[in-house]
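Residue-level listing of the chains:
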Amino acid sequence: MQDAKKDARSEQIEEAAYAVLAEKGFAGASMLSIAKRAKCSNETMYRWYGDKVGLFRALVTRNADRVASVLRQAAAQDRAPLDVLEEFGPLLLDTLLGERAVALNRAAAADASGTLGQTLAEAGRDTVQPLIVAVMERAIRQRAISGPAEAACDLYLSLLLGDWQIRRVVARVPVPSNDVRAARAKRAIQGLRTLMPAK
């Protein structure tokens, strides 16, 4: 019961953090303002997250864990690698183009210190990208595509994301629908097969 209460409280705090971040940016979002929005004590905030960077690292980590768990499960099940990526693509797009990710990216772009941007890279991309590279390595071993795996990963992410992230952040284009995300994921795999064909 205690864990369930803490999880619910964490979700409240994180919702408040995103709201304050959207309103004030990273520099203006203080632990106290987030604590007030979440209706919790400042002491709890510091005890659970350490500081503001720790709190936002937790936000990014939660987002990254959501997509990373899918890749880890697929690896354990030993499914066809490119099938995994085709299913994974819409989830990654949903995560990276959703309102929470956009709020984090806008705040990172406005943070002159670079602290939030570094946190985003370390807790986000640096967590997920090695898992995608591992899927690519399996695809190369199974002769579904050619390598190297890092280049295949870069190509896949470029085909999947294009300039959607930056357009969501600066131009405020709408979140793509489920059908649009699925079609984009399928095209990314087709492009990967075409541009890095098995040898």
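See the structure printed just above.
Computed from a prediction, not measured in an experiment: that's the story for all the values here. (Residues numbered from 1 in each chain as written. Predicted model: local features only at pLDDT ≥ 70, side-chain atom pairs only at ≥ 80, totals over all residues. Heavy atoms only, no water.)

A. Examining the nonpolar core more closely. Within the largest apolar cluster, 33 residues are counted, with the highest numbers of intra-cluster contacts made by L71, L85, F88, I132, M136, Y156 and L192. Mapped by element, the contributors of at least two residues to this core are helix 4 (52-77), helix 5 (81-97), helix 7 (115-141), helix 8 (149-161) and helix 10 (178-195). Not counting the four nearest positions on each side in its chain, F88 is found in contact with V67, V70, L71, V128, I132 and Y156. Counting residues in each nonpolar core, the second largest holds 26 residues, with V20, L55, L116 and A123 among its members. (Core = buried A, V, L, I, M, F, W, Y, C linked by side-chain atoms within 4.5 Å. Buried < 20%, exposed > 50% of the residue type's maximum accessible area, 1.4 Å probe, protein only. Helix = DSSP H or I, 4+ residues; strand = E, 2+ residues; numbered from the N terminus. Contact = heavy atoms within 4.5 Å.)

B. Expanded view of the packing of helix 8 against helix 10. Between helix 8 and helix 10, the shortest axis-to-axis distance is 8 Å and the interhelical angle comes to 140°. As helix 8 runs across helix 10, the sense of the crossing is right-handed. Contacts between helix 8 and helix 10 involve A152, L155, Y156, L159, L160 and L161 from the former and R184, A185, A188, I189, G191, L192 and L195 from the latter. Taken together, the residues of the contact of helix 8 with helix 10 break down into eleven nonpolar, one polar and one charged. (Axes fitted to C-alpha atoms, helices over the stretch in contact; angles between N-to-C directions. Left-handed = near helix turned anticlockwise from the far one by under 90°. Nonpolar A, V, L, I, M, F, W, Y, C, P; charged D, E, K, R; others polar.)

C. Structural detail: the layout of surface pockets. Of the voids in this model, the largest pocket is the one considered here, and its volume is about 440 Å³. L96, L120, G124, R125 and Q165 are the residues nearest the centre of the largest pocket, which is lined by 21 residues in total. At eight residues, helix 7 tops the list of elements feeding residues into the lining of the largest pocket. Of the residues belonging to the lining of the largest pocket, the class tally is 13 nonpolar, seven polar and one charged. Put simply, the second largest pocket is a space of about 190 Å³. As for the second largest pocket, its lining consists of 13 residues, of which L21, A22, V102, A103 and R106 are closest to the centre. Put simply, the parts of the chain that give the lining of the second largest pocket at least two residues each are helix 1 (2-28) and helix 6 (99-110). (1 Å grid on protein atoms, 1.4 Å probe; cavity = no way out; pocket = protein on both sides within 12 Å on 5 of 7 lines; lining within 4 Å. Points joined across faces, edges and corners; volume = space filled by probe spheres on them.)

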